[in-house]
Structures are given as C-alpha cells and as structure tokens.
Amino acid sequence: MADPKRFYLIDGYAQFFRAFHAIRTPMSSPVTKEPTNATFGFVGMLLKVLRECDPSYLVVAIDVSGDTEGLRNEIYPEYKANRDEPPEGLFVQIDRCIALLKAIGVPVIGVERYEADDVIATICDAVADEGVLTRIVSKDKDLQQLLREGAVEMHDVHTDALVTEQVLMEEKGIAPAQVRDMLALMGDTVDNVPGVPGIGVKTAAKLIADFETLDALVQEAQKEKGAIKGKRQENIVASVDQLGMSLDLVTLRHDAPIEFAFEEASVEKFELAKLMPILKELGFNRYQDELKGLIGDEGASEASNERLGDGFGGLFEQAAADSGQVTASAEGYTLVRTAAELDEMIDALRAAKLIAFDTETTGLEATQCGLVGLSFAAADGEDGTRAWYVPVRSPEPKTHLDEAAVLNSLRGVLEDESVPKTAHNVKFDQLVLRNAPFEEQGGSRVDPILVRGVVFDSMVASYLVDAARSSHSMDALALALLGHQCISIKDLIGTGKSQKGFDEVPLEQAFVYACEDAEITLRLYGVLEKQLREMGLGELFDGVELPLVSVLAELEHNGIQVEPDELDRQAGRLSERIEELRREIDDASPRAFNPDSPKQLAGVLFNKVDDEEVGLGIKPLKKTKTGYSTDVETLEKLAADPEVESNLPSLIVEYRQLTKLVSTYLVALKDAISARDGRIHASFNQTVAATGRLSSSDPNLQNIPIRTEVGRLIRKAFVAPEGRVLVAADYSQIELRMLAHLSQDQALIEAFERGEDIHRAVAAQIHEVKADEVTREMREGAKMVNFGIVYGITAFGLARRLGVSNGEAAEIIDGYRARFPGITTFLQECVEQAKERGYVETILKRRRPIDGIDSKNPSRRALAERMAINSVVQGSAADLIKVAMVKLQASIDASQEAFRSALMLLQIHDELVLECDENDAQAVSEALMLGMEAAMELRVPLRVEVSVGRDWFEAK
C-alpha cells in the first residue's frame, strides 16, 4: 500500500514567535528597511517543509483575535490576562509573513474568537476522510489531544522530531484523549489556566495514567483514606471547584466556523515563483538558491524578471513616480562591436550632460581580476536613456574589438575631467582600469587608465542618506528607490562549482545585463543626488566622501609589501610554543582531551574529581544553553582566581591566542600576498560601518592584534622595499579630544591645553587630589572611564574591568560626572537628539539613524542610547581622519616637495601608514604630523605621534 499523502498544518503564531526568539541578531531588509529576523526564520521553516517533508497539502492556521477576546475569556475573564506585551518589531513581521503566504497561494485560516488550535482541530476533522496523513507543525502540548496513530502526528520541523500517539504513550503513559485531563491538572502559567499547585507536567501525566481520568483522580483524592495523601491531596481537593473550568479552557473546539476547500491547500497550486522577488526585496539571498531548487532554473529566471506589484504597503509608488519606471528590456541598449559603433558611442557620451559607467570583470578582486567589458548610459533628450556595452572578452572574441583597441579609444573620455561621470562603487571601476593586466596586444600598448571627472557615486550617496541600510548594493537600491527588479547575476553565471565567468556568458545576455547596470546607475543619481541636497549632506559628500573614494583606491592600488619568510618564521616559532602548550595542558589535565573542543574543556574543568569522566572540580562561572561557558572572559577569571590551583585556564588562554594568531593571521596574510608584486592589497570599505569609520577586508588588517607583544610582532612582516621606509602617524587620544571639543567641558579642555597626562589629570579631578598624588589604581580607573564613557560604561562593567566592587565603580563614575558636568550634559543631548529626530549627527553633519531609542524594552533602549552617544563621538573622529586623508593625498598628488616620494598605504583605526624614500623620511614625518594636526580646528590641540622604520613594527 502506498504511503498516504501528507497534509501539513502549520501553527502560524507558534512559528512566528519561535523564529523571532531564535534569531535575536538584528536583521533588516536592504530595500524596505523593515525588521526581518522573524520573517527570515519563518521563511526558512516554510522552505524546509516544502523541500524536505514532501507535503501534498499545506495550510497555516493563525489567531485573529486578541488574547482577551476569545471564547475562553467568556468562560474565564483572566484567561491569558498575565501575558507579556509582544516583542517590538514582531507584529510587522507577522503581517509580512501572512502577506507572503497569501502571495504564493498558501491558505491562511483564522476565525474570530477561536484560537489557532481550534482551527487546527476543526481542519483535522474536516480532512479525516481524505486519506491523508496530517502533520501539525507545532510543539504545543494542547495539540497532543489530536494525535491519532497513522492519521495525525506532530512534527517539530526544526529538530525533525515526530510525536505520534505511540510516542505520547511511551513518553507520558497517556493516550490523546487523556491529554486535556493532564493539562487541566497541571494548569498553564502562560495562558493563566488554573491548575493544582505543586503539580507539573510529569506528575500530572503520571496521575492521569494511574487513575485514567481527571474525575477518577478527584474522586480518589476526596476519599478520607484513599491512595492520594498529604499536601497533594489537600491541593487537589482545594482545587476541585476550578478544575472543571480549567478542563473547559484546555479542551480544543472542533466546530470553528471555517470555510475550507481541501483542494485549495494543494501544494501543486502554489505559485512559488512569486516568492523570488519577495526574497530579493527582503535580502534573503540564501533562500533564493533554495527556491530555485524547488521551482527549477526556468521558473526562477521568469520570477527574477517580474517586477513587484504594489509591493508591501505601496513602498515603491512615490519612487517610481519620481524616477520613471525602468524596464529590463534591450530597448535603447546597444552592443558595440565595431570601431565605427565605438566612435558613435563616444560622440554621444561627450555630448551628454552626465554619463554613467560600469565595468564587468572576471572576478571581484579589483586589483587582480581582468576586464571583460564596459557599459555606459546617458540621457538621450526626450527619447529617454541610451545604454551601450563594449565587450573586450567573451565567448565570441572574433566578433568584437580587443581590449587594447577599446581602452585606447575610451581613454580620452574616461580621463577627461570635463566629462561628468557617475558610477556605483566607482572605486572598484577605477582600480580595474588602473590595475588590469595591460600588456602588448597585437602591437598596441595600453597604459593604465586613471578615471577622472567622477561627480557622483550612488553607493556612497546611499550610505550617507541612510547609513543603517543593510545593503547599499545596486540591486537593493533599484528595488528600494526605483521599484525595479534587476537581472540577477546568478541567473547568468550560476553558483557554486558550476559557476562560470562573466567572459563565458553569451553576448546577447551579457550586454543586456551590463547595459541595465549602467542605466540603473544613472537613474539612481536622479533620486539620491536630490536626497543628499535636501538632507544637507552635499558638503560632506562633495568635500569628503567622494574625494575619499579616490584616496582609498590609491591605498588599495599601492598595497603594502609583506615578507612571507617572516610570516613563516613567526608561524614556526608559535607552532613550537603551541606544541609545548599541548604538552603542558596534558600534564595539567586529569585526563586526555581535545583543547580545541569547548565541550571537552568544560568537562575537564568543571566535572567533579570522582565523576566517571573525571574533572578538576572547579566551580563554573557562567551557564550556556549547551553547558558551562569556557569563553575567554571565564578562563581569564579562573586564571586570576587564587582559589583555582590549576594553571590549566591560563594555559588554554595562551593556547587559543597563539592558534588564532597562526591560523587567522600568519597563514591568511601569506595567502593574501599578490604573486604579481609581493604586496597585500587589502580593501578599505567606506560604506560598511554605520558610525562613518572605515573598515578593512580581504584581509582585515584592522584586526591584527596589537595588545600583546606576540600579536604586535606580526607587524614585522610588513616592510618597505629596499631604500625606502614606512612612516606611521597616529592621532593621540582622538576620541577624548573630540569629546572635549563637542562637550565644551572646560575642565577637560584645560587638561588638554596644558598637555597633561589626561588620565592622571582626570583621576586627580575625580578624587580631588593633586596630580602627583594620583595612584596607579586611580589613574587606571580614570583611564577606563575616559575610554568607556562614550560607550555608556556602567558601574558593573567598570567593576569587572578594574576588579573592584560595583559600589566603588559607581563612586568613580559619579565623581567623573560631577567633575566634568559638560560631558554629562553633552551625552544627554545626544540621547535627546536621537529621540527628537530619530538620528544623531557628527561634527560634519553625518547622520546615523538610531533605532529603539523610545523602546519600552529597557535593555534595547539602553543600547540605543549608548549607540547615539558613541556614534557622535566615534563618527566625528572618523570625519577627522577622512578629512586628513583627503588633504594629505591632495598634497601627494600635487607632488609637494615634502611628499615627492610618498605613497599612502594603510588606514588602521586612527593611524595612517605611508611609504617613502629613506632620504625623505624626516620631511615626510614633519609634513605628515603638521597635516594631520591641522586637518580640523578644534577647541583642543590635536596631537599626532609619528615614527619611522624599515617595517611596521619598528615604525610603531
């Protein structure tokens, strides 16, 4: 006999809440900016059901009445009365999930006054004669009443656990018909169902199993000399009057007035392809591949080319009206194959008021990949927009011009300052054209192209308009601002092992994709440029952020020379110490274990000495979901605890530090060295950190540890070529100086003006002593508050760092606030600005939206307040170093005498690293220090520390 078809009944709200609480990391749509953590979890569950559970039918049941508006409230007004307020940000995601389900045709069923459990019970009855196996996606114990062997099961999709009638009997010793008796007996604190005090689920199940029914149990408890005695008997007898009501509350209704057509739940009728544009709108990239596996490549391709309708709440209507609707067709697009066509395009570009351009490449590493083609777009008067694609590599190389011919012809336009250009992530395009393998091709020489005349970058503009947007990609902005679904690059090149290069894509497909990129870039200019000016961000964009793009391109192009032999020497030395540590760890442990396994380490540390798996018997400090914590904070506390006699915690701390140094830094850095020039060309990201700070990637040089000597030694591998040196310049206490300027606190300003040791000066103020009377402990406390004040340091946090009581830490913080009232007022003003405007501003008027500043959740509100303060101070410090970089690079480009041989290489936190000829080191050092100190005029003097060395370690 064939297996019955499966009918999946999803308990909607149970899954919404589960998803919300399972994913606590903030997530948001790059298009609509709505929160998406619960939506992401729910969609993942839904796709897993469709992909792995082989459902023939599927329905989602939901509650449509409030917690106090149902049938059960008529029985007991206090039913669910003590439930907490739903989490902020949940209901908008529930609405989104329901809209998503309806869009693809999944029946979503709810009935006023009835709960979802009643709907599920009623549907189970309705399909009982359809010959299907019903699986309820829920863990709700109430629904165990519905279990029927071979007919109704419960399925926890997340763990793949099945609860059947047989499993219920094996685990609890009761049948489905007895579940309601068990529930009434135990009660429910969440739903406020009165039960019998002192009886939990295990006891309730056993009592019902023993006496079969609640009535029989009550009758036995009422006997003077029955089997139930003592306090339990007293509690049951005292609860008799309310047990009948409790039984009524937990009993599922099977008569919910629903309109349910069985065949409407058929999965075959679902329009899953309609989910694809929604996934793109939400930014769920991983799920797009999963959906393709369900609907096939052809269905996915059709879905990708569909424009969203009205969207979710009419999100795109105004943007579409402002910008004009974009079409993903080849109309107005030209594939340039011949010299004549190229000349005609160049003439059109020169005549345009603004052109957009983009590069297509063989990869994503701008300094290493090859050029495949260039696309351009320009407004064409009343005829709209024209776009062109000029290939230089393709599967049909004989049908178009080669790289040398194309680039030599385009050089005039690309390098012409008078031809205004816009791009999306223009730094990438600049680097590709500057770093492509320009070799002799058919006798023609191609020199690097230095793109000039860039007046706009839509990625950078989007970042300034809304730094909190989760993605500033062109596809995300096209959806958000133009209401347009771009052609997916995955549809052209595929993914995973079968992925091909863009130079392998047929030209008829490649040119439409490339032209669309250029056209969208031009249209984004029309929307974002207007927003920038209206928000008062034009000066920041024109004077700092746009010029910085070219500065960062310079840094990435220059790179920094790295000695692989030095990395190998350090790795070898550390590997020897790691092996020593392994032996010492074995000696310190009561049994053999894997030091890389937190679970095994926890057993060794915290198991008792007489356990079967023997341990050291150390008292655990922190519990996790899977056991006891062995994180670095825990291990450092144990290592410092005089009552812990074992040196194992300190050995593990060192072991972890060294293994991470070897694997994460020494090996990764060596792999990142370019074979072409022996230098590392890291990326410096301008549109990632919401505070305005730059970040680094591929590799992340900002994460190279400098707090320990062994970590700092990694910098020895970063060297200058023969005859040259590295010059490193670091702003001194820049965030504190920025805090003094912004807060206008006179005491802090005067301390900086006198050039005092700021931590000692602050300690003297707090403790009301002379500077020479400040102890090391006083200075350390002041230092911690100085660095922590803009991060919202608490007494608890300070106490933990200083190893003092919470009371002592509170006294230090209170003393700080009393002696520096201007700072306290400033911090309050930052929070008030966030509450009033929804964002805060830096010294250059950079904005950062602050979400949750009015939250009813105290911890979320406190986090938002800390973010508001930190964003102003740290963001202003970021503004300063960006201004310094722009001005210094301008001096380098102008070949000023002091910088005649200088190259800017790195920007790490508050530090700049340059390279210059050895003979110019003194002049570069002085000019660098003067330039950085004069970058902005603040109420306090800026101080820069400069050092010179053959390698980065020596220069620091």
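First, a word on what this report is: a plain description of the structure on this page.

Parameters and conventions
- By convention here, each chain's residues receive numbers from 1 onward along its written sequence.
- Only residues with pLDDT of 70 or above have their local features reported here, since the model is predicted, and side-chain atom pairs are shown and tallied only from 80 upward, although totals for entire chains, interfaces and linings are computed over all residues.
- Excluding hydrogens and water, the side-chain values take into account all heavy atoms of the structure.
- Burial classes: relative accessible area under 20% of the type maximum marks a residue as buried, over 50% as exposed, and values in between as partly exposed (1.4 Å probe, protein chains only).
- The secondary structure listing takes helices from DSSP runs of H or I that are at least 4 residues long and strands from runs of E that are at least 2 residues long, numbered from the N terminus.
- When DSSP finds at least two bridges between two strands, those strands are taken to pair.
- Aromatic rings from Phe, Tyr and Trp, taking only the six-membered ring of Trp, are treated as a pair when their centres fall within 6.5 Å; an angle between ring planes under 30 degrees marks them as stacked, one over 60 as edge-to-face, and anything in between as tilted.
- Whether a charge lies above a ring is judged from NZ of Lys or CZ of Arg, which has to be within 6 Å of the ring centre and within 35 degrees of the ring normal.
- The term salt bridge refers to a side-chain nitrogen of Lys or Arg lying within 4 Å of a carboxyl oxygen of Asp or Glu.
- Here, axes are lines fitted to C-alpha atoms. For helices the fit covers the stretch in contact, and angles between N-to-C directions go from 0 to 180 degrees.
- Comment on the angle field: the value is read as roughly parallel under 35 degrees, roughly antiparallel over 145, roughly perpendicular from 65 to 115, and oblique elsewhere.
- The contact criterion used is simple: two residues touch if any of their non-hydrogen atoms lie within 4.5 Å.
- Gly falls in the polar group here, along with every residue not listed as nonpolar (Ala, Val, Leu, Ile, Met, Phe, Trp, Tyr, Cys, Pro) or charged (Asp, Glu, Lys, Arg).
- A patch consists of residues whose relative accessible area exceeds 30% and which take part in no salt bridge; residues with like charges are grouped when within 9 Å of each other, and nonpolar side chains (Val, Leu, Ile, Met, Phe, Trp, Tyr) when within 5 Å.
- Accessible surface area values rest on a Shrake-Rupley calculation with a 1.4 Å probe, where residue burial reflects the displayed protein chains alone.
- Positive residues here are Lys and Arg, negative ones are Asp and Glu, while His and the chain termini are left out of the count.
- Every charge is mapped to an atom, namely NZ of Lys, CZ of Arg, CG of Asp or CD of Glu.

Turning to the pairing of strand β2 (residues 57–61), a few remarks are in order. With five of five residues buried, β2 lies mostly within the body of the structure. Burial along β2 is two-sided: Tyr57, Val59 and Ala61 and Leu58 and Val60, pointing in opposite directions, are all buried. Where strand β1 (residues 5–11) and β2 come together, five bridges link them in parallel fashion. Across the sheet, residue Tyr8 finds its bridge partner in β2, namely Leu58. When β2 meets strand β3 (residues 108–109), the two strands line up parallel, connected through two bridges. Paired with Val60 across the bridge in β3 is Val108.

Counting across every chain of the model gives 15 aromatic pairs. Taking the centre distance of 4.5 Å and the plane angle of 20 degrees together, the rings of Phe40 and Tyr287 count as stacked. Here Tyr287 lies in helix α13 (residues 285–304) and Phe40 lies in helix α2 (residues 37–52), a separation of 247 residues in the sequence. Phe40 sits in the buried class, given a relative accessible area of 16%. Taking relative accessible area as the criterion, Tyr287 reaches 3% and is therefore assigned buried. With a centroid separation of 5.3 Å and an interplanar angle of 75 degrees, the aromatic rings of Phe718 and Trp952 are classed as edge-to-face. Here Phe718, found in strand β19 (residues 718–719), pairs with Trp952, found in the segment after β25 (944–949); they are 234 residues apart in sequence, far enough to count as distant. Here the aromatic cluster, defined as three or more aromatic residues joined through ring pairs, consists of Phe7, Tyr57, Phe260 and Phe262. Over the ring of Tyr628 we find Lys623, and its NZ or CZ is 4.8 Å from the ring centre. The lysine or arginine in question, Arg715, covers the ring of Trp952, its NZ or CZ lying 3.8 Å from the ring centre.

With an omega of 0 degrees, the peptide bond between Asp698 and Pro699 qualifies as cis. For Pro699, the location among the structural elements is in the loop between β18 (695–697) and α27 (709–712). Of note in the backbone geometry, Lys845 takes a positive phi value of approximately 75 degrees without being a glycine. Secondary-structure assignment places Lys845 in the loop between β21 (839–841) and β22 (847–849). The partly exposed category is assigned to Lys845, whose relative accessible area is 45%.

Below, the discussion takes up the pattern of salt bridges. All chains considered together, the criterion is met by 64 salt bridges. Note that Arg754 is salt-bridged to Glu756, the shortest N-O span being 2.4 Å. Take Glu756: its relative accessible area is 32%, and that puts it in the partly exposed class. The salt bridge partner of Arg819 is Glu768, with a shortest N-O separation of 3.9 Å. On the criterion of sequence distance, the pair formed by Arg819 in helix α33 (residues 806–819) and Glu768 in the loop between α30 (758–767) and α31 (776–788) is long-range, its members being 51 residues apart. For Arg819, a relative accessible area of 35% puts it in the partly exposed group. By relative accessible area, Glu768 is classed as exposed at 61%. If you follow the salt bridges from partner to partner, you end up with Arg51, Glu52, Arg286 and Glu290 in one network.

This brings us to the pairing of strand β23 (residues 903–908). Counting buried positions over the six residues of β23 gives five, a clear majority of the element. With five bridges connecting them, β23 and strand β24 (residues 911–917) associate as antiparallel partners. Following the sheet pairing, Gln907 is matched in β24 by Leu912. A loop of two residues connects β23 with β24, the two strands running antiparallel in sequence, and His909 in this loop sits at a positive phi of about 55 degrees.

With that settled, the discussion passes to the packing of helix α4 (residues 91–104) against helix α12 (residues 275–282). Two elements in contact, α4 and α12, have axes separated by 10 Å at closest approach and are oriented at 155 degrees. In terms of orientation, α4 and α12 fall into the roughly antiparallel class. Here Arg96, Leu100, Ala103 and Ile104 of α4 come into contact with α12, specifically with Leu275, Ile278, Glu281 and Leu282. Counted by class, the contact of α4 with α12 contains six nonpolar, no polar and two charged residues.

Right, let's talk about a negative patch on the surface for a bit. On the surface, Glu341, Asp343, Glu344 and Asp347 cluster together into a patch of negative charge. Structurally, Asp347 can be placed in helix α15 (residues 339–351). Taking the relative accessible area as the measure of exposure, Asp347 reaches 54% and is therefore exposed.

Now for the environment of Lys783. Within the secondary structure layout, Lys783 lies in helix α31. Exposure remark for Lys783: the relative accessible area of 29% places this residue in the partly exposed category. Remark: the alpha-carbon pair of Lys783 and Ser246, spanning 537 residues in sequence, is separated by 60 Å.

Attention shifts here to the side chain of Asp11. The topology assignment puts Asp11 in strand β1. Ignoring sequence-local partners within four residues, the contact set of Asp11 consists of Ala61, Ala116, Asp117, Ile120, Val137, Ser138, Asp140 and Leu143.

By themselves, these figures tell us nothing about what the structure is for.
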